[in-house]
Amino acid sequence: MASNDDGFLSRWSRRKALAREGVALPEPPPPAPPPPPAPAPLTPVVAAPPADEPPAEPAPPPPPTLDDVATLTPEADFSRFVAPEVTPEVRNAALKKLFADPHYNVMDGLDIYIDDYGRPDPLPAGMLRQMVQSAALGLFADEPADPPPPAAPSPTAPAASPAAPPDHEDPDLRLQPDDAAGRPGPEPGAADEPDRPH
C-alpha cells in the first residue's frame, strides 16, 4: 500500500491511537454548503390568444351494449368489446359471437384426443376369426363354438400328408416355428447336482 497521510487507514490508525491514550478526538469540519443557485431572469408572461389553444379532446364514445353485439359480423372489429370499461355480459356475448364463426371450429389434427375412442379397433375379419376369444364369445355364427375332437387315425389307413399352414391375411403376423428347440431331456446341469431332488 502506498503511504498516504490522508488515507483512510492512516486516519483510522491515528484516531484509534488517540482513543487509547484518552485524548478527545477532534470533530471533522462540517462540509461547506453548496452555493445558492443564481436567480433566473424574470421574463414577462404573455397569455396566448385563445385561438391557439389545442382543440378539446372529443368525449370517448359510450361503451358498447348488447344491441351493438347483435349487429356484429365475423369481419367486424371486436377490439372495442374487450376494453376495460365494457361490462362482462357484453364482452362475453361479443366473444361468443366471434367464436361462433366456423373458422374457429376447424380441428388442426394435432390434438391428441380428437379420435373417437368409443368405437372398437378395426380388426380384419380373418384375424378376428383366428382369435380364441371370438370363438368363445360366439362372434361368428357360422363356426361351431366347440370344435369336435379330431378322430384318431386308423392303423390301416395310410399316413396323411402334413396339413398346410393356414393362410394368413398379414404375413408379418404369422407365427414362426421354433427351429432352435433343443432335444428333449433333463434340464442342463441337473445331472451335475446329485443331492438335488428331481
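Residues numbered from 1 in each chain as written. Predicted model: local features only at pLDDT ≥ 70, side-chain atom pairs only at ≥ 80, totals over all residues. Heavy atoms only, no water.

A. Region of the structure containing the overall build of the protein chain. The number of helices and strands found in the protein chain is five helices and zero strands. Classification of the 198 residues of the protein chain by burial places 7% in the buried group. Within the protein chain, residue pairs in contact and separated by at least 24 positions form 26% of the contacts whose partners lie at least 6 positions apart. Of the roughly 18700 Å² of accessible surface on the protein chain, a fraction of 62% belongs to carbon and sulfur atoms. (Helix = DSSP H or I, 4+ residues; strand = E, 2+ residues; numbered from the N terminus. Buried < 20%, exposed > 50% of the residue type's maximum accessible area, 1.4 Å probe, protein only. Contact = heavy atoms within 4.5 Å. Areas by Shrake-Rupley, 256 points an atom, 1.4 Å probe, with all protein chains shown as cover.)

B. Local environment of helix α3 (residues 88-99). With twelve residues, α3 extends 16 Å between its outermost C-alpha atoms, agreeing within 8% with the 16 Å of an ideal straight helix rising 1.5 Å per residue. Burial in α3 covers these residues: V90, A94 and L98. Projected down its long axis, α3 carries its buried residues within an arc of 70°, all on one side. Pointing more than 90 degrees away from the buried face of α3 are the exposed residues E89 and K96. Turning to α3, the residues buried within the fold contact α2 (66-70). (Expected span 1.5 Å × (residues − 1). Arc of directions from axis to C-beta.)

C. Molecular detail of the packing of aromatic side chains. This structure, assessed with the given rule, holds two aromatic pairs. Taking the centre distance of 5.2 Å and the plane angle of 70° together, the rings of F99 and Y104 count as edge-to-face. Under the relative-accessibility criterion, F99 is labelled partly exposed at 46%. For Y104, a relative accessible area of 42% puts it in the partly exposed group. (Phe/Tyr/Trp six-rings, centres within 6.5 Å; stacked < 30°, edge-to-face > 60°.)

D. Representation of the nonpolar core within the structure. Grouped together as the largest cluster of nonpolar side chains are nine residues: V69, L72, F78, F81, A83, V86, V90, A94 and L98. Ranked by residue count, the leading element in this core is α3, at three residues. Among residues more than four places away in sequence, those in contact with V86 are P64, R80, F81 and R91. (Core = buried A, V, L, I, M, F, W, Y, C linked by side-chain atoms within 4.5 Å.)

E. Structural context of the side chain of S134. In this fold, S134 is placed in helix α5 (residues 132-137). With a relative accessible area of 3%, S134 lands in the buried category. Of note is the side chain of S134, whose polar atom sits 2.7 Å from the backbone oxygen of L128. There is a polar contact of 2.7 Å between the side chain of S134 and the backbone oxygen of M131. Residue contacts for S134: discarding those within four places in its chain leaves L128, R129, L139 and F140. (Polar contact = N/O pair within 3.5 Å; in protein donor to acceptor, adjacent residues only side chain to side chain.)

F. Quick peek at helix α1 (residues 8-21). Along its 14 residues, α1 runs 20 Å from first to last C-alpha, staying within 8% of the 20 Å computed at 1.5 Å per residue. Within two residues after α1, G22 carries a phi angle of roughly 85°, on the positive side.

G. Geometry of the environment of P64. The residue P64 is located in the loop between α1 and α2 in this model. As a C-alpha pair, P64 and A83 span 19 residues in sequence and 9.6 Å in three-dimensional space.

H. Highlighting the environment of V82. Mapped onto the elements of the fold, V82 is located in the loop between α2 and α3. Of the residues examined, V82 reaches a relative accessible area of 45% and is grouped as partly exposed. Separated by twelve residues in sequence, V82 and A94 have C-alpha atoms that sit 8.5 Å apart. Filtering out sequence-adjacent residues up to four positions away, V82 remains in contact with R91 and L95.

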